[in-house]
Amino acid sequence: TLLGILLASVPLIGAWAAVGRPDKAQEVFDAIARIGLPHTVESFGGLIKAYAQAGQVSGGRAAFQQMMESPHSIPPTCMIGSILIDAYRLEGRIRDAEDVFQTMLNWQVEPDMFLILSMFMVYEDVGRLDQLGWVQERVALAGMFNLNMASSLMDAYAHVDRIDDARAVWQQADPQDFKRGS
């Protein structure tokens, strides 16, 4: 069945990603469309990961853009954003990593601890820990500061040994959120 083909294709894209063969992952990805099946966030995620792991970030970024455009209009996930940000980090491309993070916020994707940590690691790798506040500022501007976000920010700050910054997030959080557990 067509559903069976789709279900088998997504792991195959992932397998090609694991061995660093974005060309083969792209072939499977293209075959899905040729037989008339819709792409999913999983098929796009596998393709993006294949390009990123092969050091071909531009191919991953093109797939990221394609995923969000018509006819797909699939919102990005934190996992996909982290993959791209980590790939840009390895190439020292701070502005591109920031652009991916901002795109996630523009799509109203609430960053998880891993996405935030990916951005923190970008700044850590280039010795720009002074930029960590940029991430928190963008989250606040997007109106996404809540208990979950505070927890993610505190975890990420702790991972890069910025305990004072984690404490500042704790103090910024609304104590009522902690009581409500939201």
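See the structure shown above.
Residues numbered from 1 in each chain as written. Predicted model: local features only at pLDDT ≥ 70, side-chain atom pairs only at ≥ 80, totals over all residues. Heavy atoms only, no water.

### Observations concerning the overall build of the chain
The test is simple: Runs of H or I in DSSP of at least four residues are treated as helices and runs of E of at least two as strands, each being numbered from the N terminus. A simple rule labels every residue: compare its accessible area, found with a 1.4 Å probe on the protein chains alone, to the largest value its type can have, and call it buried under 20%, exposed over 50%, or partly exposed in between. Contacts are residue-level and defined by heavy atoms, with any inter-residue pair within 4.5 Å sufficient. Only the protein chains shown count as cover for residues, and the accessible areas themselves come from Shrake-Rupley with a 1.4 Å probe.
Regarding its fold elements, the chain presents eleven helices and zero strands. Taken from N to C terminus, the helices and strands of the chain fall in the order α-α-α-α-α-α-α-α-α-α-α. Across its three principal axes, the chain shows a C-alpha extent of roughly 55 × 35 × 25 Å. Classification of the 182 residues of the chain by burial places 43% in the buried group. In the chain, 63% of the contacts between residues at least 6 apart in sequence involve partners at least 24 apart. Roughly 9100 Å² of accessible area belongs to the chain as shown, and the carbon and sulfur atoms make up 54% of that amount.

### Here's the deal with the nonpolar core
The following threshold applies: The criterion is simple. A nonpolar core is a set of buried Ala, Val, Leu, Ile, Met, Phe, Trp, Tyr and Cys residues joined through side-chain atoms within 4.5 Å.
Core analysis: the biggest nonpolar cluster contains 56 residues, and Phe64, Ile85, Phe101, Met119, Phe120 and Val135 have the highest contact counts within it. Here this core takes eight residues from helix α7 (residues 113-125), the largest share from any one element.

### Here's the deal with helix α8 (residues 132-141)
For α8, every residue scored as buried is listed here: Leu132, Trp134, Val135, Gln136 and Val139. Packing partners of the buried residues in α8 comprise α6 (94-106), α7, α9 (147-159) and α10 (163-172).

### Side note on the packing of aromatic side chains
So the rule is basically this: Planes of paired rings set the category: under 30 degrees apart is stacked, over 60 is edge-to-face and the rest tilted, where pairs are Phe, Tyr or Trp rings (Trp by its six-membered ring) whose centres lie within 6.5 Å.
Evaluated as defined, the whole model comprises three aromatic pairs. The interplanar angle of 55 degrees and the centroid separation of 6.0 Å between the aromatic rings of Phe101 and Trp134 together place this pair among those described as tilted. Pair noted here: Phe101 is in helix α6 and Trp134 is in helix α8, with a separation of 33 residues, a long-range link. A relative accessible area of 15% means that Trp134 is categorised as buried. The interplanar angle of 45 degrees and the centroid separation of 4.8 Å between the aromatic rings of Phe120 and Tyr157 together place this pair among those described as tilted. Here Phe120 is found in helix α7, whereas its partner Tyr157 is found in helix α9, with 37 residues between them in sequence. Just as Phe120 is buried, Tyr157 falls in that class too.

### A few points about the packing of helix α5 (residues 78-90) against α7
Inclusion rule: Under this scheme, a helix contributes an axis fitted over its contacting stretch, all axes are lines through C-alpha atoms, and angles between N-to-C directions fall in the 0 to 180 degree range. In these notes the angle categories are as follows: under 35 degrees is roughly parallel, over 145 is roughly antiparallel, 65 to 115 is roughly perpendicular, and the rest is oblique. Polarity classes work like this: nonpolar for Ala, Val, Leu, Ile, Met, Phe, Trp, Tyr, Cys and Pro, charged for Asp, Glu, Lys and Arg, and polar for all others, with Gly in that last group.
Their axes nearest at 8 Å, the elements α5 and α7 cross at an angle of 10 degrees. By the criterion of interaxial angle, the relationship of α5 to α7 is roughly parallel. Contacts between α5 and α7 pair Cys78, Gly81, Ser82, Ile85, Asp86 and Arg89 from the former with Phe114, Leu115, Ser118, Met119, Met121, Val122 and Asp125 from the latter. Taken together, the residues of the contact of α5 with α7 break down into seven nonpolar, three polar and three charged.

### Thoughts on the side chain of Arg61
Of note, Arg61 is situated in helix α4 (residues 57-68). What Arg61 contacts, discounting residues up to four positions off in sequence, is Leu84, Tyr88, Asp96, Asp99, Val100 and Thr103.

### A short note on the pattern of salt bridges
Going by this rule: A pair is scored as a salt bridge if a Lys or Arg side-chain nitrogen falls within 4 Å of a carboxyl oxygen belonging to Asp or Glu.
For the coordinates displayed, the defined rule picks out twelve salt bridges. One salt bridge connects Glu91 with Arg93, and the closest N-O pair in it is separated by 2.8 Å. Taking the relative accessible area as the measure of exposure, Glu91 reaches 37% and is therefore partly exposed. Notably, a salt bridge pairs Arg138 with Glu137, separated by 2.8 Å at the nearest N-O pair.

### Description of the environment of Ala142
Tracing the sequence through the fold places Ala142 in the loop between α8 and α9. Between the C-alpha atom of Ala142 and that of Asn106, which follows or precedes it by 36 residues, the distance is 7.7 Å. When neighbours within four sequence positions are excluded, Ala142 is seen to be in contact with Leu105 and Gln108.

### So, the environment of Gly55
In this structure, Gly55 sits in the loop between α3 (41-53) and α4. Gly55 sits in the partly exposed class, given a relative accessible area of 46%.

### Topic: the environment of Ile85
Relative to the helices and strands, Ile85 resides in helix α5. Using a relative accessible area of 0% as the deciding quantity, one classes Ile85 as buried. Taking C-alpha positions, Ile85 is 15 Å from Leu47, a pair spaced 38 residues apart along the chain. Look past the residues within four positions of Ile85 in its chain and what remains in contact with it is Ala97, Val100, Phe101, Leu115, Ser118, Met119 and Val122.

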